[in-house]
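# Notes for the structure review
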Amino acid sequence: MVKVKLWGTLRHWTDGQAEVEVEAATFKEVLDRLSELYPGLAPQIRRGVSMSLDGVIYREAWFQEIKPGQEVVLMPYMQGG
Amino acid sequence: MALDQAKREFRQVGTRPNRPDGVDKVTGRAQYGADMTAPGMLTGAILRSPHAHARIVSIDTSAAEAIAGVRAVVTGVDFTPQEDNFLRDVQENCMARDKALYDGHAVAAVAATSPAIAKAALKAIKVVYEVLPHVTDVDAAVKPGAPIVQAGRALENVPAGMSENVTNACEFGHGDLDAGFAKADLVIERSFKTAATHQGYIEPHACLASFTADGKADLWCCTQGQFFVRTLCSAIIGMEASQLRVTPSEIGGGFGGKTTVFIEPVALALSKKSGRPVKIVMTRDEVFKATGPTVSSSMDVRIGMTKDGRITAGEANLRYSGGAFPCGTCDMGAQAAFAAYDVEAVRTYGWNALTNRPKEAAYRAPGAPQAIYAVESVVDELCQKLGLDPLAVRLKNAAHKGTLSSYGPTFNEIGLEATLEAAKAHPHYTAPLGPNQGRGLSCGFWFNFGGNTCVSLNINTDGTVGVTEGNPDIGGSRASISLMAAEELGIPYENIRTIVADTNSLGYNDVTDGSRVTFSVGLATIKAARDAIAKMKARAARFWGIDEEAVDWVDGAAVPAGPNAGKFPPLTLAEIAATSPQTGGPIAGHYEVNVDGAGVSFGVHLVDVEVDPETGATKVLRYTVFQDAGKAVHPDYVEGQMQGGAVQGIGWALNEEYIYGADGRLQNPGFLDYRIPVASDLPNIETVILEIPNPGHPYGVRGVGETPIVPPLAAIANAVSRAAGVRLTELPMSPPRILKALKG
């Protein structure tokens, strides 16, 4: 199981939970499980999210592996100028 | 691709050779957007709304079409409505359909055989408007009864009961705010406003579109991202991406403002309709009115601090307006606001509200300068009131490895403390100040990212090398890319030419944004060079009759890996290249990747100002920028980014603003009335580059392009407030605003 930290806005769709657990081994699997378990998150996930893995931000890397014990944080899709 | 621990000694990276595009630029030979021409080319021109908000009742183009020399007229109905919200917004920002949403919104366009005929045709178009109430202020836009700019655009994250103009909401943070504020000896809460500003690039948007009778098209334009232009334009025009080739020109500044399209789909539509090439060049008036300035903002910040300078809690409410279309920039501001601090309890809320202003575009670190201006202003005021040294307080509270960041992740290795220590040790920090002078300090933060990147590296038979990359060179990246290729291959910098390709010559490359190019394209270049080296080693192995694994690459030549590999004289790159036709054909290296691991970036700015109490004018006396570059590939261009950010921030802090009249029209769409700093306004901007290697890049490179715009607003506001003896809470701090504050 992977513990995923969510930013405040998303907690409206997880019964107020700031951290949820999902069965996933990759970034894509995290997104898929979150959309299944918490359908209210799906619109945001479709618009785009990034993921921080032990402090390293992954913008789109679906196949990025998640190892046991790693810190996983969902973030808005990164923008820049 | 991790840091090469073995490679910390550089021969070429870190030197300062001349930029390869320098001669062309100083002799006027460089080809910018407006320099492109084609046989039979028509002049395109755009009719723009004179109203801030109006329903388009009808558009009669018949008189314009009847003018001799007019070859095409298009309006919103010539563009197929998009189902996707993002594309629909981009398209309707380029050409209004039902409503004009801001002063300067395009409503029709013509293509004619001369500029004079095009101008006459615009005058002949009859548009009937139903003028609607408008709103240009972010606070006014969220009040009950405010004119609704666009209905039904709120995302699911907007709480019920808010104004229909609110399209986006976000919340970040952790910890118990009440408990945090209870621990504070002093809590300060302040409200701030910042005006929308423009990137101020010198080159106006320009493009040339040429549609052929069989449905293919070419587009030349000044842009930060030709591939994204292709994505947007092919979708809007309704053609396959493969049939649209986009070639970027040289670019006279972008800073995020050229990451989208404004005129390109219009030029393509006119070319398709007329069957002739069409060129559109924006006037400066159009650039101000109808491209993408920053968000305007209104913010409330509350911070608690103990007597000894420990921040116990922080809270920020950020209300941004990205103009007449939804925008998510408040997400970035809300994440960045407290990122420099290690705080137990922190919360940021962000909202975006629609106003009758042009659609926001990125401007280096979009959303962060405003939020950090507000936070750093309150931190400074707390330091003043508690009699604490502002730098010592930043150091005491600085985020570091292991800090739970305000936006969620736990920080890895970051360079903030080292950057603050560098500022503390610099003579600037302790230099004496005179009457009416003040010193300001601010930390800044930005995320940085990598992204989709492709590089091809061709070994020419004469021993020179061509590197093909897909990102327009805004800040000297061709020099930096050439340096990294030279470093890896072991040949002189002068033997390499790096060019920026069109969209048919490489795979997809993300836009030149996110401080990504030297990091990402550099990484791909290093990998492409290693790919080419592997192939050259294989050729050498064939010459010598040994295994490829028994060949090393040293100082630009293949050599036997050790005594067991045999005794052969080195085979240089030039020797291997010269015989490549006979040894298997051309040699090239390639690399395609979506890069991650950019690493976040921190900067510290220190500024001294003098405020004239009679006039309210501010003179910047001294300015020093401290920033971690990971590894400065070409230090001139790192310093240039740092200096440029400081200068743009000085303009933003002191003078620049979009000024709207009561009629909702922009009152200062030109550089006479929109005052950007010029050389005579500025001291030399001093720079201190720190090099703390980024573990996500083989040479340790970290993006440097955006962070320098983040701290200046706060640093200057803190300096002005200390010089004036009164806290300034609205940008720009123009002379009238300072005088008003001085008079209380």
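Please read all numbers here as calculations on a predicted model, not as lab measurements.

## Observations regarding the overall build of chain B
Regarding its fold elements, chain B presents 19 helices and 27 strands. A compact globule built from 744 residues should have a C-alpha radius of gyration of about 27 Å, and chain B, at 27 Å, falls within 12% of that. Considered along the principal axes of its C-alpha atoms, chain B spans approximately 85 × 75 × 50 Å. For chain B, long-range pairs separated by at least 24 residues make up 80% of all intrachain contacts whose partners lie at least 6 apart in sequence. Accessible surface for chain B amounts to roughly 26100 Å². Of this, 51% is attributable to carbon and sulfur atoms. In chain B, which carries 66 positive and 80 negative side-chain charges, the distance between the mean positions of the two groups comes to 3 Å.

## Looking at helix α7 (residues 226–237) of chain B
Residues and elements named next belong to chain B. Helix length check: α7, at twelve residues, gives a terminal C-alpha distance of 16 Å against a target of 16 Å (1.5 Å per residue), a fit within 8%. Burial runs high along α7: ten of the twelve residues are buried. Those residues of α7 lying buried are Gln226, Phe227, Phe228, Val229, Arg230, Leu232, Cys233, Ser234, Ile236 and Ile237. Along its buried surface, α7 packs onto α3 (85–94), β9 (206–211), β10 (217–221), β11 (244–248), α8 (264–274) and β19 (496–500).

## Focus: empty space enclosed by the protein
The final tally for this structure, using the stated rule, is four cavities of 30 Å³ or more. Put simply, the largest cavity is a space of about 50 Å³. Each residue belonging to the lining of the largest cavity can be placed in one class, and the counts come to five nonpolar, five polar and three charged.

## Here we look at the environment of Lys123 of chain B
Along the polypeptide, Lys123 of chain B turns up in helix α4 (residues 115–124). When the C-alpha atoms of Lys123 of chain B and Ala241 of chain B are compared, they prove to be 35 Å apart, with 118 residues separating the residues in sequence.

## Considerations on the pattern of salt bridges
Residues and elements named next belong to chain B. Counted by the stated rule, this structure contains 49 salt bridges over all chains. With a shortest N-O distance of 3.6 Å, Lys631 and Glu691 are connected by a salt bridge. With Lys631 in the loop between β25 (618–628) and α17 (635–654) and Glu691 in the loop between β26 (685–690) and α18 (712–724), this pair connects stretches of sequence that are 60 residues apart. What makes Glu691 partly exposed here is its relative accessible area of 39%.

## A short note on the environment of Gln648 of chain B
Residue and element names in this part refer to chain B. Counting through the fold element by element, Gln648 comes out in helix α17. Residues Gln648 and Trp544, 104 residues apart in the sequence, show an inter-C-alpha distance of 58 Å. In contact with Gln648, not counting residues within four places along its chain, are Gln199, Phe255, Tyr363, Arg364, Glu656 and Ile709. A distance of 2.7 Å separates a polar atom in the side chain of Gln648 from a polar atom in the side chain of Arg364.

## Some details on the environment of Val500 of chain B
For Val500 of chain B, the position within the fold is in strand β19. Sequence separation between Val500 of chain B and Val455 of chain B is 45 residues; the distance between their C-alpha atoms is 9.9 Å.

## Remarks on the interface of chain B and chain A
Tallying the contact residues gives 39 residues for chain B and 27 residues for chain A. Carbon and sulfur atoms make up 53% of the area that chain B and chain A hide from each other, which totals about 2400 Å². Its largest share of buried area at the contact with chain A, chain B owes to Glu156, Phe449 and Asp596 of chain B, together 24% of the area lost on that side. Run the count over chain B and chain A and you get two salt bridges. Arg47 of chain A is the salt-bridge partner of Glu156 of chain B, the closest N and O atoms lying 2.8 Å from each other. Every element with two or more residues in the side of chain B that touches chain A is listed here: β7 (166–174), α10 (329–336) and β17 (451–459) of chain B. Sort the elements by how many residues they give to the side of chain B that touches chain A and β7 of chain B lands first, with five residues. In the side of chain B that touches chain A, the residues fall into 16 nonpolar, 15 polar and eight charged.

## Thoughts on the sheet that holds β19 of chain B
All names here are of chain B. A sheet is described by the order of its strands in space; here four strands give the open sequence β19-β18-β17-β23, paired in mixed fashion. Each edge of the open sheet is held by one strand with a lone partner, namely β19 and β23 (587–595). Averaged over all pairs of adjacent strands, the angle between strand axes in this sheet comes to 15°, irrespective of strand direction. One ladder, built from five bridges, connects β17 with strand β18 (residues 465–469); its direction is antiparallel. Looking at β18, one finds that Asn458 is bridged to Gly466. Across the sheet, helix α15 (residues 517–544) lies against β17, β18 and β23, angled at about 145° from β23, the strand it touches most.

## Quick word on the packing of aromatic side chains
Residue and element names in this part refer to chain B. The tally for this structure, following the rule as stated, stands at 21 aromatic pairs over all chains. Summarising the aromatic geometry, the rings of Phe288 and Tyr658 are spaced 6.2 Å apart at their centres and angled 55° between planes, so their arrangement reads as tilted. Remark: Tyr658 occurs in the loop between α17 and β26 and Phe288 occurs in helix α9 (residues 284–290); sequence separation between them is 370 residues. For Phe288, a relative accessible area of 1% gives the class buried. The class for Tyr658 is buried, based on a relative accessible area of 4%.

## Here's the deal with the sheet that holds strand β4 (residues 56–58) of chain A
Residue and element names in this part refer to chain A. Taking strand neighbours across the sheet as the criterion, the five strands line up as β2-β1-β5-β3-β4 in an open arrangement whose pairing is mixed. Looking at strand neighbours, the two that pair on one side only are β2 (19–22) and β4, the edges of this open sheet. Across the sheet, the mean angle separating the axes of adjacent strands is 30° when strand polarity is ignored. Sheet analysis places strand β1 (residues 2–5) next to strand β5 (residues 72–76), joined by two bridges and oriented parallel. By the bridge assignment for β5, Val4 is matched with Val72.

## Side note on the packing of helix α14 (residues 477–489) of chain B against α15 of chain B
Residue and element names in this part refer to chain B. One can describe the packing of α14 onto α15 by two numbers: an axis separation of 9 Å at closest approach and a directional angle of 30°. For the crossing formed where α14 meets α15, the hand is right-handed. On the side of α14, the interface is formed by Ser477, Ser480, Ile481, Met484, Ala485, Glu488 and Leu489, while α15 contributes Val517, Thr518, Val521, Gly522, Thr525, Ile526, Ala529, Arg530, Ile533 and Met536. Looking at the contact of α14 with α15, its residues break down into ten nonpolar, five polar and two charged.

## Remarks on the domain arrangement of chain B
Residues and elements named next belong to chain B. Domain boundaries assigned for chain B yield domain 1 (22–30 + 450–595), domain 2 (33–132 + 204–251 + 258–290) and domain 3 (296–448 + 599–742). Centre-to-centre separation of domain 1 and domain 2, based on C-alpha positions: 39 Å. Across the contact, 20 residues belong to domain 1 and 18 residues belong to domain 2. Summed over both partners, the interface of domain 1 with domain 2 comes to about 1500 Å²; 57% of that surface belongs to carbon and sulfur atoms. Glu250 is paired through a salt bridge with Arg478; the nearest N and O atoms lie 2.9 Å apart. At the junction of domain 1 with domain 2, the criterion picks out seven residue pairs in polar contact (both at pLDDT 80 or more). Residues that form the side of domain 1 that touches domain 2 fall into these classes: eight nonpolar, seven polar and five charged.

## Overview of the pairing of strand β13 (residues 296–305) of chain B
The two faces of a sheet get side chains in turn, since along a regular strand they alternate between them. Residue and element names in this part refer to chain B. Counting buried positions over the ten residues of β13 gives nine, a clear majority of the element. Two strands pair when backbone bridges link them, and strand β8 (residues 186–194) and β13 are joined in this way by nine bridges, in the antiparallel orientation. Bridge pairing in β13 links Lys193 to Ser298. Direction of pairing for β13 relative to strand β14 (residues 311–321): antiparallel, over a ladder of ten bridges.

## Some remarks on the packing of α3 of chain B against α7 of chain B
When two helices pack together, their arrangement is given by the angle between their axes and by how far apart the axes lie. Residue and element names in this part refer to chain B. It is the contact of α3 with α7, at a shortest axis distance of 10 Å, that shows an interaxial angle of 85°. Classified by the interaxial angle, the pair formed by α3 and α7 is roughly perpendicular. In this structure, α3 contributes Phe86, Leu87, Val90 and Gln91 to the contact, and α7 contributes Phe228, Leu232, Ala235 and Ile236. The class makeup of the residues in the contact of α3 with α7 is seven nonpolar, one polar and no charged.

Analysis parameters
- Residues numbered from 1 in each chain as written.
- Chains lettered and ligands numbered in written order.
- Predicted model: local features only at pLDDT ≥ 70, side-chain atom pairs only at ≥ 80, totals over all residues.
- Heavy atoms only, no water.
- Helix = DSSP H or I, 4+ residues; strand = E, 2+ residues; numbered from the N terminus.
- Rg over C-alpha atoms; globule rule 2.2 N^0.38 Å.
- Contact = heavy atoms within 4.5 Å.
- Areas by Shrake-Rupley, 256 points an atom, 1.4 Å probe, with all protein chains shown as cover.
- Lys, Arg positive; Asp, Glu negative; His and termini not counted.
- Charge placed at Lys NZ, Arg CZ, Asp CG, Glu CD.
- Expected span 1.5 Å × (residues − 1).
- Buried < 20%, exposed > 50% of the residue type's maximum accessible area, 1.4 Å probe, protein only.
- 1 Å grid on protein atoms, 1.4 Å probe; cavity = no way out; pocket = protein on both sides within 12 Å on 5 of 7 lines; lining within 4 Å.
- Points joined across faces, edges and corners; volume = space filled by probe spheres on them.
- Nonpolar A, V, L, I, M, F, W, Y, C, P; charged D, E, K, R; others polar.
- Salt bridge = Lys/Arg side-chain N within 4 Å of Asp/Glu carboxyl O.
- Polar contact = N/O pair within 3.5 Å; in protein donor to acceptor, adjacent residues only side chain to side chain.
- Buried area = accessible area lost by both parts, 1.4 Å probe.
- Pairing = 2+ DSSP bridges.
- Axes fitted to C-alpha atoms, helices over the stretch in contact; angles between N-to-C directions.
- Phe/Tyr/Trp six-rings, centres within 6.5 Å; stacked < 30°, edge-to-face > 60°.
- Left-handed = near helix turned anticlockwise from the far one by under 90°.
- Domains from an automatic or database assignment.
- Parallel < 35°, antiparallel > 145°, perpendicular 65-115°, else oblique.

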